[in-house]
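# Understanding the architecture of this molecule
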Amino acid sequence: MSAAARRVIVVGAGIAGIACALRLARAGVAVTLLETRKKLGGRATSFIDPRTGEVLDNCQHIAMGCCTNYLRFCRMLGVRDRLQWLREICWVETGGRVSVFRPGLLPAPAHFAGAFIGAAFLTSAQKARVALAMGAIARCDRANHTRQTFAQWLTAHAQRDDDIRRFWEPVVVSACNLTPARVCAATALHVFQEGFLAHRDAAAIGVSAVPLLQLYDPAEAALRAAGGVLRLGTSVTRITPREVECADAPLLHADAVVCALPFERAARIVDGAVRAADPRFDRLAALTHSPILGVHLSFDRPVMPMPAAALVERPTQWIFRKDEEGRRVHAVISAADDWMPLTEDDITRRVTDDIRACFPAAASAQVTASRSVKEKLATFAPTPEAEAARPDTLGPNALEGVVLAGDFVRTGWPATMEGAARSGFAAAAAVLGEPLAGAIEPPLKPGVTVRALCPALAAMR
Ligand SMILES: Cc1cc2nc3c(=O)[nH]c(=O)nc-3n(C[C@H](O)[C@H](O)[C@H](O)COP(=O)(O)OP(=O)(O)OC[C@H]3O[C@@H](n4cnc5c(N)ncnc54)[C@H](O)[C@@H]3O)c2cc1C
């Protein structure tokens with residue numbers, strides 16, 4: 001069957017579903033994208049705060065320079081220029097001391113060496129231990145570390161508890177949404193290899209200059225322009241490899257069905273007999289959720305001088321400045337299990353305490369508005385057990401089964417916008433019968449030094 005003759009239904013218009021549908025439509029496939037909500041973008045979303053009428057994001061979403069498929073996705077939507085790039089990361093300690101990480105003159109993988117040596121929040125002994133472990137990360141094959149946690153890997157590489165708390169944990173928790181004690185070592189190693197060591201542009205942080213909704217809204221026009229159909233407000237109740245049942249609508253038929261739902265929905269909505277015959281669905285039971293908390297705060301005066309900061313050994317992990325002055329800020333707490341039972345007042349108090357402790361200008365500032373957003377089902381928890389259970393795009397019966405997309409599919413990435421975009425492009429390639437290698441955007445090209453010093457890292461890419 002030619003691509004043009006195919007009819008494909010994609011269920012779920014998060015990043016994975018949009019990426020898949022748009023790629024298929026542009027290849028000439030007759031695509032229908034179904035979404036239960038009235039808006040696009042799934043978990044990367046905005047809402048109107050009923051207290052103020054303001055449009056707020058559920059949480060600050062950051063991309064990195066290494067997210068090549070997410071950036072391609074943004075280019076496909078024509079929104080690449082709505083991302084602003086931060087080239088340096090500030091680590092701020094209690095008392096306000098700031099250490100700035102920006103790439104120096106040395107080539108990757110040593111581009112952060114100067115910043116690291118100058119970092120004030122680590123002792124010389126800590127830096128020596130961290131540097132040795134970083135060298136091991138640059139040389140190791142992460143595929144050999146799927147069965148242990150990152151904390152086990154770090155301990156085996158002479159990292160002490162305070163090294164983990166001060167340096168490794170803030171990076172790992174925000175990138176993987178899980179603590180080193182629980183996260184799969186291979187997943188965390190991936191973050192340091194791809195996100196920091198492989199290329200000097202990999203760690204650049206991209207934040208949206210517009211509410212997330214405006215980032216993904218253009219998908220509607222892009223899909224229509226490519227001949228696809230988008231149906232918002234369409235709740236799918238059952239999926240088989242050739243049929244999609246919706247609430248209050250006739251049964252839809254297709255040559256292939258891509259399920260781009262979150263894993264807990266896929267495990268319910270894919271038809272029971274189809275699930276029973278496909279081992280990918282059994283294994284989904286090993287996946288659990290990890291929550292994220294986003295807190296929007298306004299102060300009566302400017303409190304934050306830099307655009308973004310990681311707070312050293314504070315419960316609040318990251319703070320982003322949301323206006324020019326620094327009166328409005330957004331706090332992010334990943335792996336936020338302990339925060340979920342708290343009231344909004346308690347959350348505001350704790351985050352404000354952290355801000356006051358780290359930013360001298362905030363010492364006597366008063367909060368004028370606060371809104372916290374708890375996302376209990378934010379991402380799957382990438383434990384060693386979950387990583388082993390992540391399903392492939394296709395099951396044993398290939399296109400005779402349901403095609404899967406979503407951040408939980410085995411992409412090699414944690415649950416991120418990059419993972420979602422990759423999974424969407426991979427699902428489109430599977431439907432089109434194209435090889436995966438050509439369908440996925442390659443990683444940033446490693447330079448000569450990375451190829452010479454870290455052959456395992458260069459070979460894995
Ligand atoms: C608070 C928070 C912060 C995050 N921060 C970051 C970050 O900084 N950087 C990063 O890269 N990632 C971040 N992530 C993760 C990122 O948002 C997700 O990995 C990504 O958006 C997942 O996309 P997806 O398409 O796989 O799934 P989803 O976005 O969940 O899309 C699935 C879609 O299916 C729809 N749907 C569900 N049920 C039905 C049904 N029955 N019928 C039809 N449609 C249905 C949903 O409404 C949704 O639109 C964060 C996530 C959260 C929640």
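Residues numbered from 1 in each chain as written. Predicted model: local features only at pLDDT ≥ 70, side-chain atom pairs only at ≥ 80, totals over all residues. Heavy atoms only, no water.

### Regarding the sheet that holds strand β6 (residues 83-86)
Read from one edge of the open sheet, 3 strands run β5-β9-β6, paired in antiparallel fashion. Single-partner strands in this sheet number two, and they are β5 (62-64) and β6. Direction aside, the axes of adjacent strands within the sheet are offset by 35° on average. Looking at chain direction, β5 and strand β9 (residues 205-208) are connected through 3 bridges and run antiparallel. The residue bridging alanine 63 from the neighbouring strand is glycine 206, located in β9. Taken strand by strand, helix α2 (residues 68-77) contacts β5 and β6, and its axis lies near 145° from that of β6. (Pairing = 2+ DSSP bridges. Helix = DSSP H or I, 4+ residues; strand = E, 2+ residues; numbered from the N terminus. Axes fitted to C-alpha atoms, helices over the stretch in contact; angles between N-to-C directions. Contact = heavy atoms within 4.5 Å.)

### Structural notes on the side chain of aspartate 354
Note that aspartate 354 resides in helix α13 (residues 344-358). Judged by relative accessible area, aspartate 354 falls into the buried class, the value being 2%. Within the local environment of aspartate 354, its side chain forms a polar contact with the side chain of arginine 314, the two groups lying 2.9 Å apart. Apart from the residues within four sequence positions on either side, aspartate 354 is in contact with Leu311, Arg314, Pro315 and Thr316. (Buried < 20%, exposed > 50% of the residue type's maximum accessible area, 1.4 Å probe, protein only. Polar contact = N/O pair within 3.5 Å; in protein donor to acceptor, adjacent residues only side chain to side chain.)

### Notes on the layout of surface pockets
Here the second largest pocket is characterised by a volume of approximately 820 Å³. Secondary-structure elements contributing two or more residues to the lining of the second largest pocket are α7 (185-197), α14 (384-389), α15 (417-432) and α16 (436-439). Here the element with the most residues in the lining of the second largest pocket is α7; it accounts for 4 residues. (1 Å grid on protein atoms, 1.4 Å probe; cavity = no way out; pocket = protein on both sides within 12 Å on 5 of 7 lines; lining within 4 Å. Points joined across faces, edges and corners; volume = space filled by probe spheres on them.)

### Focus on the site of the ligand
Around the ligand, 33 residues are found, and the nearest of them are Glu35, Arg43, Ile62, Arg265 and Asp407. Within the backbone of threonine 36, an N or O atom sits 3.1 Å from a nitrogen atom of the ligand. Between the ligand and the protein, one listed contact pairs a nitrogen atom with a side-chain N or O atom of arginine 265 at 2.8 Å. When the ligand sits alone it has 1000 Å² of accessible area, and the protein chains cover 94% of it. The set of elements that each furnish at least two residues to the shell around the ligand consists of α1 (15-26), α10 (263-269), β19 (367-380) and α15. Each residue belonging to the shell around the ligand can be placed in one class, and the counts come to 16 nonpolar, 11 polar and 6 charged. For the shell around the ligand, the two domains that each supply at least three residues are domain 1 (3-45 + 210-286 + 383-439) and domain 3 (289-380). (Near = heavy atom within 4 Å. Areas by Shrake-Rupley, 256 points an atom, 1.4 Å probe, with all protein chains shown as cover. Nonpolar A, V, L, I, M, F, W, Y, C, P; charged D, E, K, R; others polar. Domains from an automatic or database assignment.)

### Notes on the nonpolar core
Ranked by size, the top nonpolar core spans 107 residues in total, and within it Tyr70 and Trp168 carry the most contacts. Apart from the residues within four sequence positions on either side, tryptophan 168 is in contact with Val130, Ala133, Met134, Ile137, Phe150, Leu154, Gln159, Asp163 and Phe192. (Core = buried A, V, L, I, M, F, W, Y, C linked by side-chain atoms within 4.5 Å.)

### Regarding empty space enclosed by the protein
All told, the structure shown has 1 cavity of 30 Å³ or more when counted by the stated rule. In this structure, the largest cavity encloses a volume near 40 Å³. Lining the largest cavity we find Arg43, Pro262, Phe263, Glu264, His289, Leu377, Ala378, Thr379, Phe380 and Asp407. Looking at the lining of the largest cavity, the elements that each hand over two or more residues are α10 and β19. No other element matches β19, which puts 4 residues into the lining of the largest cavity. By residue class, the composition of the lining of the largest cavity is 5 nonpolar, 2 polar and 3 charged.

### Thoughts on the packing of helix α4 (residues 124-139) against α7
If you want to describe how two helices pack, look at the angle between their axes and the distance between the axes. Two elements in contact, α4 and α7, have axes whose closest approach is 9 Å; the angle formed by their N-to-C orientations is 90°. Overall, the two elements α4 and α7 adopt an arrangement that is roughly perpendicular. Contacts between α4 and α7 involve Met134, Ile137 and Ala138 from the former and Leu189, Phe192, Gln193 and Leu197 from the latter. Partitioned by chemical class, the residues of the contact of α4 with α7 number 6 nonpolar, 1 polar and no charged. (Parallel < 35°, antiparallel > 145°, perpendicular 65-115°, else oblique.)

### Regarding the domain arrangement of the protein chain
According to the domain assignment, the protein chain contains domain 1 (3-45 + 210-286 + 383-439), domain 2 (94-203) and domain 3 (289-380). Relative to domain 3, the C-alpha centre of domain 1 lies at a distance of 33 Å. With 9 residues of domain 1 at the contact, the number on the domain 3 side is 5 residues. Considering only the surface of domain 1 that becomes buried against domain 3, Arg43, Phe263 and Ala415 emerge as the three largest contributors, covering 58% of it. Summed over the shared surface of domain 1 and domain 3, the result is 0 salt bridges. Across the contact surface, domain 1 and domain 3 share 2 residue pairs in polar contact (both at pLDDT 80 or more). Counting residues per element, the ones that place at least two in the side of domain 1 that touches domain 3 are α10 and α14. Broken down by class, the residue content of the side of domain 1 that touches domain 3 amounts to 4 nonpolar, no polar and 5 charged. (Buried area = accessible area lost by both parts, 1.4 Å probe. Salt bridge = Lys/Arg side-chain N within 4 Å of Asp/Glu carboxyl O.)

### A short note on the state of the cysteines
Under the defined criterion, the tally for this structure stands at 0 disulfides. Looking at cysteine 140, it has no disulfide partner, and the nearest cysteine sulfur is the one in cysteine 454, 10 Å off. Lacking any disulfide linkage, cysteine 358 is separated from the closest cysteine sulfur, that of cysteine 90, by 12 Å. Cysteine 358 sits in the buried class, given a relative accessible area of 1%. (Disulfide = S-S within 2.5 Å.)

### Observations concerning the pattern of salt bridges
Summed over the entire model, instances satisfying the criterion amount to 29 salt bridges. The salt bridge partner of arginine 314 is aspartate 354, with a shortest N-O separation of 2.9 Å. With a gap of 40 residues between them, arginine 314 in the loop between β16 (308-311) and β17 (318-321) and aspartate 354 in helix α13 connect regions that are remote in the sequence. Each member of the salt-bridge network shares a partner with another, and the members are Glu93, Arg97, Arg165, Arg166 and Glu313.

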